[in-house]
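The primary structure of each chain is shown beneath.
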Amino acid sequence: GAVVSQHPSWVICKSGTSVKIECRSLDFQATTMFWYRQFPKQSLMLMATSNEGSKATYEQGVEKDKFLINHASLTLSTLTVTSAHPEDSSFYICSAIGDLAKNIQYFGAGTRLSVL
Amino acid sequence: SQKIEQNSEALNIQEGKTATLTCNYTNYSPAYLQWYRQDPGRGPVFLLLIRENEKEKRKERLKVTFDTTLKQSLFHITASQPADSATYLCALARTSGTYKYIFGTGTRLKVLA
């Protein structure tokens, strides 16, 4: 149980285009979802916290208009990287929490974004 | 500012030995601390959670200690196996208001056969 599916796993796009990444909790309802960014050999950097039906809470320094997050249902959150540029190339990972009392994050497999 | 430090260098140990990984933090009062395993190109996988009022937690070959006075957690893998080779991340969380997690940079463990 507690599986989080993230799609796509790898995407290459041209500079200036937008890319959407999906994060789905397959067998539980996610009260909260998180979006992280990870650079090689570095830690996960929290970008935003997303709750179903409400606006995402972005971390300081993360551009809201650049990284659009939509949490339309209890099982789906999407991250759209708008007008992507090469510096946006990174590994993006989502996670979800089902039972707040357990405080366990279940992570997706990540999405490798390469912007040419 | 809040800071989490893990062994920055990779840790190589011989199969069968106990691996000990360290997580130190400053300027933070976490409600609990978690350890995750991350394999290359994959998302982290949850291993153990320990709360601020707990000193030790065990799960099979894994043991975690949490010293809020020293602001340190130790993560032990006993009878280590080559399959345990991965990067191990500690994460601190505080549950005041919204949940927020801060991850350490991780320690890369390699168990030699």
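Here, the structure is the one placed above.
Presented here is a report on the structure given in the accompanying data block. In this text, all values refer to a predicted model and were calculated from it rather than measured experimentally.

### Thoughts on the overall build of chain B
Okay, step 1: Counting secondary structure elements, chain B contains zero helices and eleven strands.
Okay, step 2: The secondary structure elements of chain B, listed N-terminal to C-terminal, are β-β-β-β-β-β-β-β-β-β-β.
Okay, step 3: For 113 residues, the compact-globule formula gives about 13 Å, and the C-alpha radius of gyration of chain B, at 14 Å, lands near that figure.
Okay, step 4: With respect to the three principal axes, the spread of C-alpha positions in chain B is 45 × 30 × 20 Å.

### Details of the nonpolar core
Okay, step 1: Core analysis: the biggest nonpolar cluster contains 25 residues, and Trp35(A), Phe67(A), Ile69(A), Leu79(A), Tyr92(A) and Leu113(A) have the highest contact counts within it.
Okay, step 2: Of all the secondary structure elements, the ones that give two or more residues to this core are strand 2 (10–13), strand 3 (19–25), strand 4 (32–38), strand 5 (44–51), strand 7 (67–73), strand 8 (76–81), strand 9 (90–97) and strand 11 (111–115) of chain A.
Okay, step 3: Non-local contacts of Ile69(A), meaning those with residues more than four positions away in its chain, are made with Trp35(A), Ala48(A), Ser50(A), Ala56(A), Tyr58(A), Ser77(A), Thr78(A) and Leu79(A).
Okay, step 4: Formed by 24 residues, the second largest nonpolar core is a distinct cluster that contains Cys23(B), Leu33(B), Leu48(B) and Ala86(B).

### Some thoughts on unusual backbone geometry
Glycine aside, a negative phi is what most residues show, and trans is what most peptide bonds show.
Okay, step 1: A cis amide bond links His7(A) to the next residue, Pro8(A), at an omega of 0°.
Okay, step 2: Along the chain, Pro8(A) turns up in the loop between strand 1 (4–7) and strand 2.
Okay, step 3: The backbone of Glu60(B) sits at a positive phi, close to 55°, despite the residue not being glycine.
Okay, step 4: Here the phi dihedral of Lys71(B) falls at roughly 60°; this positive angle occurs in a residue that is not glycine.
Okay, step 5: Structurally, Lys71(B) is set in the loop between strand 7 (62–67) and strand 8 (72–77).
Okay, step 6: By relative accessible area, which is 28% here, Lys71(B) ends up partly exposed.

### Some details on the sheet that holds strand 8 of chain A
Residues and elements named next belong to chain A.
Okay, step 1: Read from one edge to the other, the open sheet built from four strands follows the order 1-3-8-7, with strand pairing classed as antiparallel. Sheet topology places strand 1 and strand 7 at the edges, where each strand pairs with a single neighbour. The sheet shows a mean angle of 15° between the axes of neighbouring strands, taken without regard to direction.
Okay, step 2: Bridging between strand 1 and strand 3 involves four bridges; their strand directions are antiparallel. Across the sheet, residue Val4 finds its bridge partner in strand 3, namely Ser25.

### Concerning the environment of Val11(A)
Residue and element names in this part refer to chain A.
Okay, step 1: Position of Val11 relative to the elements: it lies in strand 2.
Okay, step 2: Residues Val11 and Ser114, spaced 103 residues apart in sequence, show a C-alpha to C-alpha distance of 6.3 Å.
Okay, step 3: Ignoring anything within four residues of it in the chain, the contact list for Val11 reads Val19, Thr111, Arg112, Leu113 and Ser114.

Calculation notes
- Residues numbered from 1 in each chain as written.
- Chains lettered and ligands numbered in written order.
- Predicted model: local features only at pLDDT ≥ 70, side-chain atom pairs only at ≥ 80, totals over all residues.
- Heavy atoms only, no water.
- Helix = DSSP H or I, 4+ residues; strand = E, 2+ residues; numbered from the N terminus.
- Rg over C-alpha atoms; globule rule 2.2 N^0.38 Å.
- Core = buried A, V, L, I, M, F, W, Y, C linked by side-chain atoms within 4.5 Å.
- Buried < 20%, exposed > 50% of the residue type's maximum accessible area, 1.4 Å probe, protein only.
- Contact = heavy atoms within 4.5 Å.
- Pairing = 2+ DSSP bridges.
- Axes fitted to C-alpha atoms, helices over the stretch in contact; angles between N-to-C directions.

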